[in-house]
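One-letter residues, chain by chain:
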Amino acid sequence: MYMLSWRGGSPFTADGDDMVAQSGERVRLLGAVRAVCRELLTDDAWGDVRIGISSRTDEPAWARELLDDGFFIDAETRLGDVFHFREITKESKSRHFARIADREGIAYEDILFSTTSTATAGKSRTSA
């Protein structure tokens with residue numbers, strides 16, 4: 001969705017579609033994230049789909065700030081408004097998915113998982 005180095009950090013300020021960390025690092029949404037999120041919220045074809053986000057980060061508060069107060073997908077809708085549930089902690093993605101599956105009553109085979117991390121790929125169910 002977006003990448004931020006450990007040198008960045010809160011507070012963030014808006015600069016066009018980007019956010020700028022207190023370190024001066026620019027934080028941008030990756031690829032077509034904004035367009036995909038807009039479609040998920042507005043196209044009736046996705047009306048029954050629940051969207052979640054999982055982030056393994058050393059700075060969960062920074063991630064929440066960017067989702068809830070930083071990035072917008074249009075003039076009125078914050079990026080965080082797209083998600084029905086979240087797991088944003090320092091723990092592993094496999095723990096995130098176990099909690100999501102349990103709490104939301106979703107079978108693993110019904111979860112679509114996408115990651116930018118090669119270290120995470122393939123471990124969502126096997127490494128809890």
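Being a predicted model, the structure only gives us computed values, none of them experimental.

Enquirer: Could you give an account of the pairing of strand β4 (residues 52-56), with specific residues and numbers?
Expert: In terms of strand pairing, β4 meets strand β5 (residues 85-89) through 5 bridges, oriented parallel. Across the sheet, residue Ser 55 finds its bridge partner in β5, namely Ile 88. Handedness of the β-α-β unit built from β4, helix α2 (residues 60-70) and β5 comes out right-handed.

Enquirer: Can you tell me about helix α1 (residues 33-42), naming the residues and giving the values?
Expert: Of the residues making up α1, those classed as buried are Val 33, Arg 34 and Cys 37. The arc that holds the buried residues of α1, viewed along the axis, is 95°, so those residues lie on one side.

Enquirer: Break down the sheet that holds strand β3 (residues 26-27) for me, citing the residues and quoting the values.
Expert: Here we have 3 strands laid out as an open sheet, ordered β1-β2-β3, and antiparallel in their pairing. Every other strand in the sheet has two partners, leaving β1 (13-15) and β3 as the edge strands with one partner each. Bridge analysis of strand β2 (residues 18-20) against β3 gives 2 bridges, and the strand direction is antiparallel. Across the sheet, the residue bridging to Met 19 is Val 27, located in β3.

Quick notes on the rules
- Residues numbered from 1 in each chain as written.
- Predicted model: local features only at pLDDT ≥ 70, side-chain atom pairs only at ≥ 80, totals over all residues.
- Heavy atoms only, no water.
- Pairing = 2+ DSSP bridges.
- Helix = DSSP H or I, 4+ residues; strand = E, 2+ residues; numbered from the N terminus.
- Right-handed = clockwise from strand over helix to strand, strands pointing away.
- Buried < 20%, exposed > 50% of the residue type's maximum accessible area, 1.4 Å probe, protein only.
- Arc of directions from axis to C-beta.

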